[in-house]
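# Descriptive analysis of the structure
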Amino acid sequence: MNLGKWGLVVTLYFFMLGRAQAQETVYSSENIHAAIQCIHNLTLKIYGKGKVAVNPNIPPPTLIVDVDADLTEFQNLAEAQIGLKPDTIFNIYIPAVNRIYLNSSYKSAETGRSAYDTLAHELTHFFQVKYDGSSIADFTDAEEQEAISIQTQFREMYGANIKNGKFECPQ
Ligand SMILES: [Zn+2]
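Residues numbered from 1 in each chain as written. Predicted model: local features only at pLDDT ≥ 70, side-chain atom pairs only at ≥ 80, totals over all residues.

Right, let's get into the overall build of the protein. In terms of regular secondary structure, the protein is built from 6 helices and 7 strands. Each helix and strand of the protein, placed in order from N terminus to C terminus, yields the pattern α-β-α-β-α-β-β-β-α-α-α-β-β. (Helix = DSSP H or I, 4+ residues; strand = E, 2+ residues; numbered from the N terminus.)

Printed below as a string of structure tokens:
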């Protein structure tokens, strides 16, 4: 998520909208953690068009799922990056500590989205910063649109790999 002030407002709006609707699904922290290495590699394939290898010298981001997060710590890290102190934990990549925070709930019936394709979105921001040297402070709408596009591709390619809330890594 590339969060200017309006981005935050829009994000919080949809977050609250999601909470108000019935079809909310929550993926377990354990299941999301089990998937991150696979989704990291799949997302890099999409991002690098199959031509960028995993760089062992670049540490993958630490994943923190909302249910495991310290809200005050998140608020301080988020405020340092976006200039506003959020009330709740939302999806964001924070380069300063190389962390992805992930909200484990989503509204499934309307959008078909899952925590796994959200992870692909935030991992795209990680690749933009750590593999391509972009500064998050200089992000424009282009970086956000790229992350949305890769998230959509990921969902179309691997959405069927979610079984009973778990992401099954394709062989
Ligand atoms: Zn984004």
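Taking 1.5 Å as the rise per residue, helix H5 (residues 115-131) with 17 residues should run 24 Å; its terminal C-alpha atoms sit 23 Å apart, in good agreement. Of all 17 residues that make up H5, 14 are buried, and the element is covered over most of its length. Where H5 terminates, the next one or two residues include glycine 133, which has phi positive at roughly 75°. (Expected span 1.5 Å × (residues − 1). Buried ≥ 20, exposed ≤ 12 C-beta atoms within 10 Å, placed from the backbone.)

The next subject is the packing of helix H2 (residues 29-47) against H5. Here H2 crosses H5 at 55°, and the two axes come no closer than 9 Å. For the element pair H2 / H5, the angle class is oblique. Every pair of crossing elements has a handedness; the one defined by H2 and H5 is right-handed. Along the contact surface, H2 presents Ile32, Ala35, Ile36, Ile39, His40, Thr43, Leu44 and Tyr47, while H5 presents Ala115, Tyr116, Leu119, Ala120, Leu123, Thr124 and Phe127. Grouping the constituent residues of the contact of H2 with H5 by class yields 12 nonpolar, 3 polar and no charged. (Axes fitted to C-alpha atoms, helices over the stretch in contact; angles between N-to-C directions. Parallel < 35°, antiparallel > 145°, perpendicular 65-115°, else oblique. Left-handed = near helix turned anticlockwise from the far one by under 90°. Contact = placed C-beta atoms within 7 Å. Nonpolar A, V, L, I, M, F, W, Y, C, P; charged D, E, K, R; others polar.)

Burial along strand S4 (residues 99-102) is two-sided: Arg99 and Tyr101 facing one way and Ile100 and Leu102 facing the other are all buried. Two strands pair when backbone bridges link them, and strand S2 (residues 62-65) and S4 are joined in this way by 4 bridges, in the parallel orientation. Paired with valine 65 across the bridge in S4 is leucine 102. Summarising the sheet, strand S3 (residues 92-94) and S4 pair through 3 bridges and their orientation is antiparallel. When the sheet's bridge partners are listed, isoleucine 94 is paired in S4 with arginine 99. (Pairing = 2+ DSSP bridges.)

This next bit is on helix H6 (residues 141-158). In an α-helix, one turn spans 3.6 residues; hence positions three or four apart end up facing the same way. Spanning 18 residues, H6 covers 25 Å between terminal C-alpha atoms, matching the ideal 26 Å at 1.5 Å per step. Listed in full, the buried residues belonging to H6 are Ala147, Ile150, Gln151, Phe154, Arg155 and Tyr158. Down the axis of H6, the smallest arc covering the buried residues is 140°, so these residues share one side. Exposed residues lying more than 90 degrees from the buried face of H6 are Asp141, Ala142, Gln145 and Glu156. Of the surrounding elements, those touching the buried residues of H6 are H2 and H5. (Arc of directions from axis to C-beta.)

We now examine the environment of glutamate 168. If you trace the backbone, glutamate 168 turns up in the segment after strand S7 (166-167). Each C-alpha atom of the pair glutamate 168 and cysteine 38 lies 8.9 Å from the other, and the pair is 130 residues apart in sequence. Excluding its chain neighbours within four sequence positions, the residues that come into contact with glutamate 168 are Asn161 and Lys163.

Right, let's get into unusual backbone geometry. The backbone of asparagine 98 shows a phi angle near 50°, a positive value even though the residue is not glycine. Note on placement: asparagine 98 falls in the loop between S3 and S4. Classification of asparagine 98 as partly exposed rests on a count of 15 C-beta atoms within 10 Å. For asparagine 164, which is not a glycine, the phi torsion comes out positive at approximately 55°. By the secondary structure assignment, asparagine 164 is in the loop between strand S6 (162-163) and S7.

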